[in-house]
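# Chain and residue survey
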Amino acid sequence: MAIISEMAEDRPSTLPFTASFDPSNPLGFLEKVLDFIGKESNFLRKDTAEKEIATAITAAKKRIMEAKNKKKKREPMEVDKKMKKKTEKQSLKPMDPMEVEKKQDLSSIVPNKGNGLDLEKYSWTQNLQEVTVNIPVPSGTKSRSVVCEIKKNRLKVGIKGEDPIIDGELFHPIKPDDCFWNIEDQRLISVLLTKQNQMEWWKYCIKGEPEIDTQKVEPESSKLSDLDPDIRQSVEKMMFDQRQKKMGLPTSDEIEKKDMMKKFMAQHPHMDFSNAKF
């Protein structure tokens, strides 16, 4: 039941408006409203009545649309707030050590047995002095069919008349004059690259490859005897430091500094080292 009281322009209405509203027939209700307004006022006699009624309808539509838009905007904001709270809770929640370890494993690639990486079209291995790249080719391939360009910072290998199998920038410079290639059993191209810096492990061979974790490189200790004494000493030091870091122990430099401090303390017993940080 809807009750509308309309003020007449000349005199106040003394009769209440009474009508039932049927949602299936809103125009019927509207006709009754207009009949009531026509009887109780001079509004419908005005020349501008139709225009004013149309303006009122337009304003009503506008209010309905604004209300809907406000509701739509409010709902995503509420969802965003819930998601934000959920994210904050997750960030405050301590991460499981096993999950941390899994994420660390995914971010680094364990080298192959040759301290390099096996890829779809080729593989590579390394020691501190050299990198060897092995590229499988169709059986029966002759050396004259091979294209191999070895430059200081770039390597290109492939078969004549075909797209290169390898064509890219190297991880670090090499010594082109000390490099060579050959074809083994007419089915494998082997390229030997001599590193310019023979004191570091390569993280990748060709730029764009996945990077290996050089902390997990395992050089063959039996080959250390073939190295120059100075290089061998540096390699052994590097290997020792890598093992110490993995175990969370001090490196050779840190041990040396600690020993020096112990000697200094022994030579100066009168000094107070209680507040010293080591």
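For clarity, every value in this text was computed on a predicted model and none was experimentally measured.

## Focus on the overall build of the chain
What the chain contains, in helices and strands, is five helices and ten strands. Within the span of the chain, comprising 278 residues, buried residues form 25% of the whole. Pairs at least 24 apart in sequence give 50% of the contacts found in the chain among residues at least 6 apart.

## Remarks on helix α4 (residues 229–246)
Compared with the 26 Å implied by 1.5 Å per residue over 18 residues, the 26 Å span of α4 between its first and last C-alpha is a close match. V235, M239, D241, Q242 and Q244 are the residues of α4 that are buried. Packing partners of the buried residues in α4 comprise α5 (252–267).

## Side note on the packing of α4 against α5
Interaxial distance between α4 and α5 falls to 9 Å at its minimum, and their mutual angle equals 90°. One element, α4, and the other, α5, form an angle in the roughly perpendicular class. Along its contact with α4, which presents K237, F240, D241 and Q244, the element α5 presents S252, D253 and I255. Broken down by class, the residue content of the contact of α4 with α5 amounts to two nonpolar, two polar and three charged.

## Things to note about the pairing of strand β9 (residues 180–184)
Both β9 and strand β10 (residues 188–194) contribute to a ladder of five bridges, which runs antiparallel. What sits directly across from F180, in β10, is L192. Connecting the antiparallel pair β9 and β10 is a turn made up of three residues, with D185 showing a positive phi of about 55°.

## Concerning the side chain of T194
Inspection of the secondary structure puts T194 in strand β10. A distance of 2.8 Å separates the side chain of T194 from the backbone oxygen of D178, its partner in a polar contact. Other than its neighbours up to four places away in sequence, T194 contacts Q129, E130, I174, K175, D178 and C179.

## Some points on the confidence of the model for the chain
Overall, the predicted model of the chain reaches an average pLDDT of 80, with 77% of residues at or above 70. Overall, residues 1–10 carries pLDDT values under 50, and its contacts beyond four positions in sequence, including any with other chains, amount to 24 contacts. Low pLDDT, under 50, characterises residues 100–106; the predicted model gives this stretch three contacts beyond four residues in sequence or across chains.

## Let's talk about the sheet that holds strand β8 (residues 166–169)
Pairing between the strands of a sheet is mediated by backbone hydrogen bonds and can be parallel or antiparallel. Spatial ordering of the open sheet is given by β6-β7-β8, a layout of three strands whose pairing is antiparallel. The open sheet has two edge strands with one neighbour each: β6 (146–150) and β8. The mean angle between the axes of side-by-side strands here comes to 5°, regardless of whether they run parallel or antiparallel. Two strands pair when backbone bridges link them, and strand β7 (residues 154–159) and β8 are joined in this way by four bridges, in the antiparallel orientation. Across the sheet, the residue bridging to V157 is I166, located in β8.

## Side note on the sheet that holds strand β5 (residues 130–136)
Strand order across the open sheet formed by five strands is β3-β4-β5-β10-β9, with antiparallel pairing between neighbours. Of all the strands in the sheet, just β3 (117–118) and β9 have a single pairing partner and so form its edges.

## Some remarks on unusual backbone geometry
Positive phi values are uncommon outside glycine, yet N115 reaches one of about 65°. Along the chain, the position of N115 falls in the loop between α3 (97–107) and β3. Using a relative accessible area of 7% as the deciding quantity, one classes N115 as buried. Phi is positive for Q186, which is not a glycine, with a value near 55°. Relative to the helices and strands, Q186 resides in the loop between β9 and β10.

## Observations concerning the environment of E169
Structurally, the position occupied by E169 is in strand β8. Expressed as a C-alpha distance, the spacing of E169 and G208, which sit 39 residues apart in the sequence, is 8.7 Å. With near-sequence residues (within four places) excluded, E169 lies in contact with N153, R154, C205, I206 and K207.

## Focus: the nonpolar core
Formed by 25 residues in total, the largest nonpolar core has its most connected members in W124, V133, L155, V191 and L193. Broken down by secondary-structure element, the contributors of at least two residues to this core are β5, β6, β7 and β10. Non-local contacts of L193, meaning those with residues more than four positions away in its chain, are made with Q129, E130, V131, V133, I150, L155, L170, I174 and C179. Core analysis: the second largest hydrophobic core is formed by eight residues, F17, F36, I37 and A49 among them.

## Some words on a nonpolar patch on the surface
A surface patch of nonpolar side chains, about 310 Å² in accessible area, is lined by M261, F264, M265 and M271. Along the polypeptide, M261 turns up in helix α5. Take M261: its relative accessible area is 30%, and that puts it in the partly exposed class.

About the criteria used
Residues numbered from 1 in each chain as written. Predicted model: local features only at pLDDT ≥ 70, side-chain atom pairs only at ≥ 80, totals over all residues. Heavy atoms only, no water. Helix = DSSP H or I, 4+ residues; strand = E, 2+ residues; numbered from the N terminus. Buried < 20%, exposed > 50% of the residue type's maximum accessible area, 1.4 Å probe, protein only. Contact = heavy atoms within 4.5 Å. Expected span 1.5 Å × (residues − 1). Axes fitted to C-alpha atoms, helices over the stretch in contact; angles between N-to-C directions. Parallel < 35°, antiparallel > 145°, perpendicular 65-115°, else oblique. Nonpolar A, V, L, I, M, F, W, Y, C, P; charged D, E, K, R; others polar. Pairing = 2+ DSSP bridges. Polar contact = N/O pair within 3.5 Å; in protein donor to acceptor, adjacent residues only side chain to side chain. pLDDT = per-residue confidence, 0-100. Core = buried A, V, L, I, M, F, W, Y, C linked by side-chain atoms within 4.5 Å. Patch = residues over 30% accessible without salt bridge, like charges linked within 9 Å, V, L, I, M, F, W, Y side chains within 5 Å. Areas by Shrake-Rupley, 256 points an atom, 1.4 Å probe, with all protein chains shown as cover. Salt bridge = Lys/Arg side-chain N within 4 Å of Asp/Glu carboxyl O.

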